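Overview (structure and organization)
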Amino acid sequence: MIVPLKVAVEKLKSGEVVAIPTETVYGLAAPINNLDAIKKIFSTKERPFFDPLIVHVSDITQAKSLVKNWLPQCQVLAEAFWPGPLTLVISKSTAVSDLITSGLEGVGLRMPNHPIALQIINEVGVPLAAPSANKFGKTSPTMAIHVENEFKNEAVAVVDGGPCQVGIESTVLLVQQENGEVKFAVLRKGAITAEQISAALAQQGLPALFFETTDKKVSPGHMKHHYMPAVPFVISKSEDKVLDLHRIGQEVFSELSRMPDEIEGIKIVKPEQSFNAPQELKLSLDPALAARSFYAQLREIAQGDTDLIVFNYHESLHSQPAWEALMERMFKAASLVLEN
Ligand code: TXA
Ligand code: MG
């Protein structure tokens with residue numbers, strides 16, 4: 001159900017969840033001071049409570065009120081990249097409930113670069129927790145219609161802000177202070193890269209010490225599979241110029257049928273019968289444009305008669321750094337990768 005901004009603000013104030021546009025993907029929002037509404041986010045998405053929510057702010061002052069210690073590094077990064085697709089995970093203040101952070105010490109904060117999102121946060125007057133507006137483990141929404149289709153049964157109100165310009169979720173950056181030293185870890189790749197983050201800090205004379213972590217206790221929402229479309233999706237690494245989709249369909253059918261129903265709590269999309277209508281996912285050669293349309297294309301193809309989606313992966317192109325964030329989503333969305 002598409003609603004005007006004013007109605008969305010009223011609904012949010014009265015404790016309903018509402019989907020709002022951002023520049024990355026649509027988010028399913030609730031004010032952080034209404035814990036019943038926050039619980040509704042989890043139940044509507046069928047999301048487990050161990051996966052923390054990002055809190056969206058409309059200015060830096062609001063962000064400061066949610067953390068223990070707003071470091072100079074946070075100020076530099078917020079000034080450089082906000083509003084924009086960068087989430088900073090910072091030690092939280094008591095203003096943020098453990099329900100939002102899944103009991104973690106840090107809260108993920110971001111100022112979205114979308115005028116409608118910013119106006120809604122302003123008018124509600126409270127920061128909004130908002131995960132991507134899709135069922136847990138499924139493809140993220142980049143248009144209002146995606147949200148409507150995803151939550152048909154729940155009749156979620158959504159504000160239409162047009163197609164998302166970035167198209168994949170924000171970079172999540174952990175900011176950690178240990179023994180007086182500030183260190184960073186990219187928990188989820190996105191449009192803003194570690195190089196850009198380092199450069200912004202260097203410009204202000206601040207060092208950028210990065211470490212790597214795959215620790216589930218630091219970054220719980222990271223499963224092998226995620227973003228999965230409604231029909232099986234397979235990546236072919238064959239390097240064939242033209243894919244023989246029917247041959248691939250025959251090759252992957254039995255392997256896909258034998259996959260478990262669930263991996264790490266994410267439902268695996270399995271075939272019902274042999275594939276009759278496979279279709280290739282074709283992306284732009286420009287990584288930013290490809291990212292912008294990726295989720296929408298997955299949804300669109302899966303909506304029709306297509307029963308298998310195949311992507312032709314080219315090592316020389318898709319392994320380049322500019323493709324990293326998109327490829328991370330691509331490989332999680334795939335049920336299977338065909339090595340040759
Ligand atoms: O672009 C985005 O980030 C979108 C839009 C709506 O802002 N939001 C989004 O939220 O992608 P979600 O819930 O689908 O993914 C958020 C992920 C979590 O799964 C988790 O991995 C990480 O961000 N995250 C959030 N809060 C965290 C925290 N306090 N500590 C560590 N990781 C956190
Ligand atoms: Mg998500």
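Definitions and limits used
- In this convention, every chain numbers its residues from 1, walking through the sequence in written order.
- Chains and ligands are labelled sequentially in the order written, the chains with letters from A and the ligands with numbers from 1.
- Reporting of local features is limited, given that this is a predicted model, to residues whose pLDDT is at least 70; pairs of side-chain atoms are given and counted only at 80 or more, and all residues count toward the totals for whole chains, interfaces and linings.
- Processing note: side-chain calculations cover all non-hydrogen atoms of the structure and skip hydrogens and water entirely.
- What makes a residue near a molecule or strand is one non-hydrogen atom of that residue sitting within 4 Å of it.
- For the purposes of these results, a polar contact is taken to be a pair of N or O atoms within 3.5 Å, where, inside protein, one atom must be able to donate a hydrogen and its partner to accept one; residues adjacent in sequence count only when each atom of the pair is a side-chain atom.
- Here the open area of atoms and residues is found with the Shrake-Rupley method and a 1.4 Å probe, where only the protein chains shown may cover a residue.
- For the purposes of this entry, the term helix denotes a DSSP run of H or I that reaches at least four residues, the term strand denotes a run of E that reaches at least two, and both are numbered from the N terminus.
- Each residue gets one of three labels, nonpolar for Ala, Val, Leu, Ile, Met, Phe, Trp, Tyr, Cys and Pro, charged for Asp, Glu, Lys and Arg, and polar for the others, Gly among them.
- Working definition: rings of Phe, Tyr and Trp (its six-membered ring) pair if their centres are within 6.5 Å, and the pair is stacked with planes under 30 degrees apart, edge-to-face with planes over 60 apart, and tilted otherwise.
- Relative accessibility decides the category of a residue: with a 1.4 Å probe and only protein chains considered, values under 20% of the type maximum give buried, values over 50% give exposed, and everything between is partly exposed.
- Contact between two residues is taken to exist if any of their heavy atoms lie within 4.5 Å; hydrogens are not considered.
- Note on definitions: salt bridges are taken to be side-chain nitrogens of Lys or Arg within 4 Å of carboxyl oxygens of Asp or Glu.
- One bridge is not enough; two strands pair if DSSP finds at least two bridges between them.
- For helices, the fitted axis covers only the stretch in contact; all axes are lines through C-alpha atoms, and the angles between them, taken along N-to-C directions, range from 0 to 180 degrees.
- Nine residue types can take part in a nonpolar core, namely buried Ala, Val, Leu, Ile, Met, Phe, Trp, Tyr and Cys, and a core is a set of them joined through side-chain atoms within 4.5 Å.
- For a crossing to be left-handed, the near helix must be turned anticlockwise from the far one by less than a right angle; the clockwise case is right-handed.

A short note on the site of ligand 1
Close contacts around ligand 1 come from 26 residues, with T24, D51, H56, G106 and S170 the closest. Between ligand 1 and R188, the relevant distance is 2.8 Å, taken from an oxygen atom to a side-chain nitrogen or oxygen of the residue. Here ligand 1, which alone exposes 680 Å², has 98% of that area covered by the protein. Secondary-structure elements contributing two or more residues to the shell around ligand 1 are β3 (54-56), β5 (106-110) and β9 (181-188). Tallying contributions element by element places β5 first for the shell around ligand 1, with four residues. Its residues placed into classes, the shell around ligand 1 shows twelve nonpolar, nine polar and five charged.

Some details on the packing of aromatic side chains
Evaluated as defined, the whole model comprises seven aromatic pairs. On the numbers, 6.2 Å between centres and 45° between planes, the contact of W70 with W82 is tilted. Of this pair, W70 sits in the loop between α3 (60-64) and α4 (72-81) while W82 is found in the loop between α4 and β4 (86-91), placing the two residues twelve residues apart along the sequence. Looking at W82, the relative accessible area reads 8%, which means it is buried. Between the aromatic rings of Y313 and F331, the centroid separation amounts to 5.5 Å while the plane-to-plane angle is 85°, which identifies the pairing as edge-to-face. Note that Y313 is positioned in the loop between β15 (308-312) and α11 (315-318) and F331 in helix α12 (residues 324-333), a separation of 18 residues in sequence. Here F331 falls in the partly exposed class, since its relative accessible area comes to 25%. The structure contains a cluster of three or more aromatic residues connected by ring pairs, namely Y227, F294 and Y295.

Observations concerning the environment of V234
Its location among the elements puts V234 in strand β11 (residues 233-236). When the C-alpha atoms of V234 and I248 are compared, they prove to be 9.0 Å apart, with 14 residues separating the residues in sequence. Beyond its immediate chain neighbours, meaning those up to four positions away, V234 contacts V252, L256, L308, I309, V310, F311, L336 and L338.

Describing unusual backbone geometry
P83 follows W82 through a cis peptide bond whose omega is -10°. Its place among the elements puts P83 in the loop between α4 and β4. Backbone geometry places E46, a non-glycine residue, at a positive phi of 55°. Relative to the helices and strands, E46 is located in the loop between α2 (35-45) and β3.

Things to note about the pattern of salt bridges
Two side chains with opposite charge may pair up if their charged atoms get near one another. Under the defined criterion, the tally for this structure stands at 15 salt bridges. Here R299 and E150 are joined by a salt bridge, their closest N and O atoms 3.1 Å apart. Linking R299 in helix α10 (residues 287-303) with E150 in helix α7 (residues 144-150), this pair joins segments that are 149 residues apart in sequence. Grouping residues by exposure puts R299 and E150 together as buried. A salt bridge links D240 to R247; the shortest N-O distance between them is 3.8 Å. Three or more residues joined by partner-sharing salt bridges are found here, namely E46, K135 and E154.

Examining the sheet that holds strand β8 (residues 171-178)
Read across the open sheet, the ten strands follow the order β7-β1-β2-β6-β3-β5-β4-β8-β9-β10; overall the sheet is mixed. Every other strand in the sheet has two partners, leaving β7 (157-158) and β10 (209-210) as the edge strands with one partner each. Pairing analysis gives two bridges linking strand β1 (residues 18-20) to β7, with the strands arranged parallel. Bridge pairing links A19 to V158 in β7. Sitting on the sheet, α2 is in contact with β2 (27-31) and β6 (128-129), with an inclination near 160° to β2.

Focus on the nonpolar core
Within the largest apolar cluster, 69 residues are counted, with the highest numbers of intra-cluster contacts made by I38, W70, L77, W82, L86, L109 and I120. When residues of this core are assigned to their parent elements, the largest contribution, six residues, is made by helix α6 (residues 115-124). Setting aside residues up to four positions removed in sequence, I38 forms contacts with A30, P31, I32, L53, L99, I100 and A129. Among the nonpolar cores identified, the runner-up in size contains 26 residues, and V25, Y227, A302 and L326 belong to it.

Describing α12
By the criterion of burial, α12 is predominantly enclosed, with seven of the ten residues buried. Buried residues of α12: A325, L326, M327, R329, M330, K332 and A333, and no others.

With respect to the packing of α4 against helix α8 (residues 194-203)
To characterise two packed helices, one gives the angle between the axes of the helices and the distance between these axes. Two elements in contact, α4 and α8, have axes whose closest approach is 9 Å; the angle formed by their N-to-C orientations is 115°. Here α4 and α8 pass one another in a crossing that is right-handed. Contacts from Q73, V76, L77, A80 and F81 of α4 reach α8 at Q196, I197, A200 and L201. When grouped by side-chain class, the residues that make up the contact of α4 with α8 number seven nonpolar, two polar and no charged.

Some points on the side chain of R299
Relative accessible area serves as the criterion here: at 14%, R299 is assigned to the buried category. In this view, R299 contacts N134, T139, S140, P141, H146 and E150; residues no more than four positions away in its chain are not counted.

These values are about where atoms sit, not about what they do.
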